[in-house]
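Per-entry structural report
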Amino acid sequence: MIHQKRRQELLSRLGDNSVVIVSTNSEQKRNSDVNYPFRPDSSFWYLTGFTEPDAIAVFSNNNYSIFVRPKDKTKEIWDGERLGVKSAPKVLLADNAYSINDFLKTIHKLIDKNNLVYFDDSSTNKLNENITSILANNTKLLNTVISEMRLIKDSNEIQNMQTAANLAAKAHMAAMTKASPGLYEYHIAAEIDAEFRTGNADYAYPPIVASGKNSCILHYTENNKLLNDGDLLLIDAGCESLGYASDITRTFPINGRFSKAQKQIYQIVLSAQKSAIASIKPGEKVNTPHEISCDIISRELNKIGIMKDLDNLTEFYMHKTGHWLGLDVHDVGEYKIDNDFRDFEEGMVTTVEPGIYIRKNDKIDPKYWNIGIRIEDDVLVTKDGHHVLSKSAVKEVKDIEYLMSQNIT
């Protein structure tokens, strides 16, 4: 029923004579006769709840029709059962269902010349090519409207995101107890993978398990280097639960004890993150956490002599402090309205992830070289402030060191 309500809400924002067309993806070949694991298009999933490939939904105030793969006895033996045309109306609460093979000859029955058709060709799949070919670009943009809806999470979405955050937090702490010098990054990645699989979840994005100088590579995903005594390990890993993502980063010492220099930089990042999170509440500008983080990091790096010029922050901190989170890791939703940063609203979920990355540099004391630290949490905007969905993942120095001291392997 929640998907039906979303379709009704979307149509109420578009007008009485509107028709919406949304499609999901086709399966994508990985190599030879092997496909990548299928994951439906996020907006299609949001509006239909249907998770099979090769499907198109067409709906208006008068009709909801869906095009699905027909039943195929042979293919279902190999690949699993399909919903099929006959069962689709009852299961998906549709008025009509058709074979996806009949889309081109059927779509004109569902649209008349007075309709405003909303559709976005934001994908390269063949379904969208077919839709575009028959509509002749005579459509209005849909993504902006759906994005504004998806930006505000309802109670069911929040519950799914809390589940994903809890599972990812557990995985991060399992990684802390596993890590030790002599292992490899992939050993720790396997620990995270095991927690996700045990929780019936998958990665929301390729995990980053970056030790030593790799921690200064923002999107490092090789995850195959030796863990050396005295280095830090930065892990950026989140999972997906019923389509909704978590996105958590923790950084900790491989040997279980922060060096003085590591702790010094870590505390700057943690202070910036805590202050940024504390600012989040309805009515506050969405760029405030970033401004707070930049101010603290700039000031503190200047104090300890690492950053001589306050205008050189991007040498050590080159990304934003957060992004929307939801069905997509970098979820939809505008950050500005009429060129001004918008306000936080109840139901939004954002990450807060300041970082400092110090590469080898002859102008900087060597004790700071190859220290890459990022601390990231998932934060829900509530009626009166905020709630940190990922708060169960420890991040205080004393808590990390205590947890890692429990490693008995």
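Per chain, residue numbering runs from 1 following the sequence as it is written. The predicted nature of this model means local features are confined to residues of pLDDT at least 70 and side-chain atom pairs, given and counted, to a pLDDT of 80 or more, with totals for whole chains, interfaces and linings taken over all residues. By convention in this description, side-chain values take in all heavy atoms of the structure and omit both hydrogens and water.

Topic: the sheet that holds strand E12 (residues 244–245)
Defined as follows: Only strands joined by at least two bridges in the DSSP assignment are considered to pair. Going along the chain from the N terminus, every DSSP run of H or I of four or more residues is numbered as a helix, and every run of E of two or more is numbered as a strand.
In space, the 3 strands of this open sheet follow the order E8-E11-E12, with antiparallel pairing throughout. Each having just a single partner strand, strand E8 (202–203) and E12 make up the two edges of the open sheet. In terms of strand pairing, strand E11 (residues 239–241) meets E12 through 2 bridges, oriented antiparallel. The residue bridging glutamate 240 from the neighbouring strand is alanine 245, located in E12.

Quick word on the pattern of salt bridges
Worth spelling out the cut-off: A side-chain nitrogen of Lys or Arg and a carboxyl oxygen of Asp or Glu constitute a salt bridge if their distance falls within 4 Å.
Evaluated as defined, the whole model comprises 28 salt bridges. Between glutamate 353 and arginine 374 there is a salt bridge, with its nearest N and O atoms 4.0 Å apart. Of the two residues, glutamate 353 is situated in the loop between strand E16 (349–352) and strand E17 (355–358) and arginine 374 in strand E18 (residues 371–374); the sequence distance between them amounts to 21 residues. Two residues, aspartate 377 and lysine 395, come together in a salt bridge whose shortest N-O distance is 2.9 Å. Taken together, the positions of aspartate 377 in strand E19 (residues 377–381) and lysine 395 in the loop between strand E20 (386–388) and helix H12 (397–405) put the pair 18 residues apart, joining distant regions of the chain. Here the salt bridges share partners, and the residues they tie into one network are Arg150, Lys153, Asp328 and Asp331.

Quick notes on the nonpolar core
The condition is simple: Nine residue types can take part in a nonpolar core, namely buried Ala, Val, Leu, Ile, Met, Phe, Trp, Tyr and Cys, and a core is a set of them joined through side-chain atoms within 4.5 Å. When accessible area is computed with a 1.4 Å probe and restricted to protein chains, residues below 20% of their type maximum are described as buried, those above 50% as exposed, and intermediate ones as partly exposed. Whether two residues are in contact is decided by their heavy atoms, any of which lying within 4.5 Å being enough.
Within the largest apolar cluster, 54 residues are counted, with the highest numbers of intra-cluster contacts made by Ile192, Leu233, Ile235, Ile265 and Leu301. Isoleucine 235 has contacts with His172, Ala175, Ile188, Ile192, Ile208, Val209, Ile248, Thr249, Arg250 and Phe252, leaving out every residue within four places of it along the chain. Ranked by size, the runner-up nonpolar core spans 37 residues in total, among them Phe50, Ala94, Ala245 and Leu389.

Regarding the packing of aromatic side chains
This is how it is decided: Only centres within 6.5 Å qualify two rings of Phe, Tyr or Trp (six-membered ring in Trp) as a pair; their planes then separate them into stacked at under 30 degrees, edge-to-face at over 60, and tilted for everything else. Whether a charge sits over a ring comes down to the Lys NZ or Arg CZ being within 6 Å of the ring centre and within 35 degrees of the ring normal.
Counting across every chain of the model gives 8 aromatic pairs. Considering the side-chain rings of phenylalanine 196 and tyrosine 203, the 5.1 Å spacing of their centres and the 75 degrees angle between planes classify their relative orientation as edge-to-face. Among the residues examined, phenylalanine 196 registers a relative accessible area of 0% and is labelled buried. Summarising the aromatic geometry, the rings of phenylalanine 258 and tyrosine 266 are spaced 5.0 Å apart at their centres and angled 50 degrees between planes, so their arrangement reads as tilted. One aromatic cluster is present, formed by Phe67, Tyr98 and Phe103 through successive ring pairs. Lying across the ring of tyrosine 64, arginine 7 places its NZ or CZ 3.8 Å from the centre. One residue, lysine 336, lies across the ring of phenylalanine 341, its end atom 4.7 Å from the ring centre.

Describing the packing of helix H8 (residues 155–178) against helix H9 (residues 185–198)
Where we set the bar: Every axis in this analysis is a line fitted to C-alpha atoms, fitted for helices over the stretch in contact. Angles between the N-to-C directions lie between 0 and 180 degrees. Crossings are sorted by hand: turned counterclockwise from the far helix by less than a right angle, the near helix makes the crossing left-handed, and turned clockwise it makes it right-handed. Throughout this entry, Asp, Glu, Lys and Arg are counted as charged residues, while Ala, Val, Leu, Ile, Met, Phe, Trp, Tyr, Cys and Pro are counted as nonpolar. The remaining residues, Gly among them, count as polar.
Following both chains from N to C, one finds H8 and H9 inclined at 145 degrees, their axes separated by 9 Å at the closest point. As H8 packs across H9, the resulting crossing turns out to be right-handed. Mapping the contact onto sequence places Leu167, Ala168, Lys170, Ala171, Ala174, Ala175 and Lys178 in H8 and Ile188, Glu191, Ile192, Glu195 and Phe196 in H9. Residues of the contact of H8 with H9, tallied by class, amount to 8 nonpolar, no polar and 4 charged.

Some points on H8
Heads up, the condition is: Here a helix's expected span is defined as the number of its residues, less one, multiplied by 1.5 Å. Under this definition, polar contacts are N or O atom pairs within 3.5 Å; protein pairs additionally need one hydrogen-donor-capable and one acceptor-capable atom, and for neighbouring residues in sequence, both atoms have to be side-chain atoms.
With 24 residues, H8 ought to run about 34 Å at 1.5 Å a step, and its terminal C-alpha atoms sit 35 Å apart, in line with that. Of the residues that open H8, the one with a side-chain oxygen 3.0 Å from the backbone nitrogen of asparagine 156 is aspartate 154.

Observations concerning the environment of leucine 233
Here leucine 233 shows up in strand E10 (residues 232–237). A residue is classified by how much of its surface remains accessible, and leucine 233, at 0% relative accessible area, is buried. Sequence spacing of leucine 233 and alanine 210 is 23 residues, and the spatial spacing of their C-alpha atoms is 5.6 Å. Here leucine 233 is in contact with Ala179, Ile188, Val209, Ala210, Ser211, Leu227, Arg250, Thr251, Phe252 and Ile254, once residues within four sequence places are set aside.

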